[in-house]
Amino acid sequence: MKQDNQSNDNLNSLIAQAKIYSKHMMEATGSVPPTLMALTPEGFMMFVPASVANENEKDQFANAGRLLAVGYNATAVAMILESWITFATRPGQPLDVTPPSQSPDRKEVIVIMGETRESCAQQFLFIQRNSSGKFTGFGTSLLPQFDDMQGRFAQMMPPKVPGENEVFMARSLLTAMGVKVTSAGFNPMWN
């Protein structure tokens, strides 16, 4: 789908903010917690779950992210995740089917998956560390831009603008889940 200029600006702005936040967190703590950022009519929002230590907590985080996108009528969202990746092929070698977290050829990255209703964009920030493991910066990536991302933490945006009943239901479910939204309306810059 073709996106309008405002949608494109919102997505680019949110991904830029996610990159600044990721760099700030890596410099301050050496890692980035799973985070959802959203642009809404009420302002900028962030959601960081208390824990994603197991499959159930990961599902709860993803579900809460989708409910936030509906309940606050997000115009753009960005999911930020620290992860391991491996590449599907290496010249002259067989396909490595080892899970990325266990592969000796793994690369540590921050994955930023941004979405609007019209499109998506991604950034892969390759984490560089010195010999003692301290974060030193992000490397460059020559990965292509993907048309679509799949998985638990993708497709956070609803396909259409939610109606009043959908907004009410989403906010009610967020309250029942114990998700408190207190950061609406502020516009942080982590410089």
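Since this is a predicted model, take the numbers as computed values, not measurements.

## With respect to the environment of P159
Phase 1: Within the element layout of this structure, P159 appears in the loop between β6 (135–139) and α3 (164–177).
Phase 2: Here P159 falls in the exposed class, since its relative accessible area comes to 77%.
Phase 3: C-alpha separation for the pair P159 and E118, spaced 41 residues apart in sequence, amounts to 8.2 Å.

## Details of the packing of helix α2 (residues 55–71) against α3
Phase 1: Where α2 contacts α3, the two axes come as close as 8 Å, and the packing angle between them is 145°. The two elements α2 and α3 meet at a crossing, and its hand is left-handed. Here Q60, A64, L67, L68, V70 and G71 of α2 come into contact with α3, specifically with E166, V167, A170, R171, L173, L174 and M177.
Phase 2: When the residues that make up the contact of α2 with α3 are grouped by side-chain class, the tally is nine nonpolar, two polar and two charged.

## Looking at helix α1 (residues 5–29)
Phase 1: For α1, with 25 residues, the first-to-last C-alpha span of 36 Å sits near the 36 Å given by 1.5 Å per residue.
Phase 2: In the core, the buried residues of α1 are packed alongside β1 (35–40), β2 (43–47), β3 (76–85), β4 (107–115), β5 (120–129) and β6.
Phase 3: G30, located one to two residues past α1, shows a positive phi value of around 85°.

## Here we look at α2
Phase 1: Under the 1.5 Å per step criterion, the end-to-end length of α2 is 24 Å for 17 residues, consistent within 8% with the ideal 24 Å.
Phase 2: Summarising the contacts, the buried residues of α2 are in contact with β1, β2, β3 and α3.
Phase 3: Two to three positions downstream of the cap, the backbone nitrogen of N56 sits 3.1 Å from a side-chain oxygen, assigning the N-cap of α2 to N54.
Phase 4: Just past α2, the residue N73 takes up positive phi, approximately 50°.

## Things to note about the side chain of T116
Phase 1: Relative to the helices and strands, T116 is located in the loop between β4 and β5.
Phase 2: Under the relative-accessibility criterion, T116 is labelled buried at 5%.
Phase 3: A distance of 3.1 Å separates the side chain of T116 from the backbone nitrogen of E118, its partner in a polar contact.

## Thoughts on the sheet that holds β1
Phase 1: Spatially, six strands are ordered β2-β1-β3-β4-β5-β6 in an open sheet, and the strand pairing comes out antiparallel. Two strands bound the open sheet, and with one partner strand each, they are β2 and β6. Along the sheet, successive strands turn relative to each other by an average axial angle of 25°, direction set aside.
Phase 2: Sheet strands touched by α2: β1, β2 and β3. Its angle to β1, the strand with the most contacts, is close to 5°.

What counts, and where the lines are drawn
- Residues numbered from 1 in each chain as written.
- Predicted model: local features only at pLDDT ≥ 70, side-chain atom pairs only at ≥ 80, totals over all residues.
- Heavy atoms only, no water.
- Helix = DSSP H or I, 4+ residues; strand = E, 2+ residues; numbered from the N terminus.
- Buried < 20%, exposed > 50% of the residue type's maximum accessible area, 1.4 Å probe, protein only.
- Axes fitted to C-alpha atoms, helices over the stretch in contact; angles between N-to-C directions.
- Left-handed = near helix turned anticlockwise from the far one by under 90°.
- Contact = heavy atoms within 4.5 Å.
- Nonpolar A, V, L, I, M, F, W, Y, C, P; charged D, E, K, R; others polar.
- Expected span 1.5 Å × (residues − 1).
- Polar contact = N/O pair within 3.5 Å; in protein donor to acceptor, adjacent residues only side chain to side chain.
- Pairing = 2+ DSSP bridges.

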